[in-house]
Amino acid sequence: MGEWEITSLENNTTLDLTVEGQTATSTSYGTGSNFNYTITFNDDSSLIANGSYDYTVTSSTNGSETTQTTSFEDINTTGN
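Here's a quick rundown of the structure. Just so it is clear, the structure is predicted and the values come from calculations on it, not from any experiment.

1. What about a nonpolar patch on the surface?
- A cluster of nonpolar side chains, namely M1, W4 and F41, defines an oily patch on the protein surface of about 380 Å² accessible area.
- Mapped onto the secondary structure, M1 falls in the segment before strand 1 (2-5).

2. Digging into the packing of aromatic side chains
- The tally for this structure, following the rule as stated, stands at three aromatic pairs.
- Connected via pairs of aromatic rings, a cluster forms that spans F35, Y37, Y53 and F72.

3. Regarding the pairing of strand 3 (residues 22-41)
- In this structure, strand 1 lies alongside strand 3, joined through four bridges in antiparallel fashion. In the sheet register, E3 faces strand 3, and the bridge partner there is T40.
- Of the pairings in the sheet, the one linking strand 2 (residues 10-19) to strand 3 comprises ten bridges and is antiparallel in character. When the sheet's bridge partners are listed, L17 is paired in strand 3 with A24.
- One ladder, built from 14 bridges, connects strand 3 with strand 4 (residues 47-61); its direction is antiparallel. Note that in strand 4 the partner of G32 across the bridge is Y55.

4. Observations regarding the pairing of strand 4
- Following strand 3, the chain reverses through five residues before pairing antiparallel with strand 4; S45 in that reversal takes a positive phi of roughly 70°.
- The pairing of strand 4 with strand 5 (residues 64-79) spans 14 bridges and is classified as antiparallel. Within strand 5, the residue paired with A49 across the bridge is T77.
- What sits between the antiparallel neighbours strand 4 and strand 5 is a turn of two residues, in which N62 has the positive phi angle 50°.

Thresholds, definitions, all that
- Residues numbered from 1 in each chain as written.
- Predicted model: local features only at pLDDT ≥ 70, side-chain atom pairs only at ≥ 80, totals over all residues.
- Heavy atoms only, no water.
- Patch = residues over 30% accessible without salt bridge, like charges linked within 9 Å, V, L, I, M, F, W, Y side chains within 5 Å.
- Areas by Shrake-Rupley, 256 points an atom, 1.4 Å probe, with all protein chains shown as cover.
- Salt bridge = Lys/Arg side-chain N within 4 Å of Asp/Glu carboxyl O.
- Helix = DSSP H or I, 4+ residues; strand = E, 2+ residues; numbered from the N terminus.
- Phe/Tyr/Trp six-rings, centres within 6.5 Å; stacked < 30°, edge-to-face > 60°.
- Pairing = 2+ DSSP bridges.

Spatial relationships are all this shows, so hold off on functional conclusions.
So, in structure tokens, the structure goes:
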């Protein structure tokens with residue numbers, strides 16, 4: 001219970017794909033930065049998330065690499 005600040009965000013993903021007999025392997029690594037984001041967990045199992053952050057993903061498919069940064073701003077989410 002209580003309010004939590006997000007201080008880090010990371011993920012790694014590896015996909016092996018086969019489409020029409022062609023196989024490809026794709027990997028991605030994502031990190032968050034510039035956090036101004038909190039999540040409040042309440043006694044009734046509800047939550048409120050507010051804030052912003054940037055998320056950078058570097059993906060590689062069969063040796064071709066791309067990097068993209070997305071800014072998530074004005075997040076205002078509720079749920080259970």
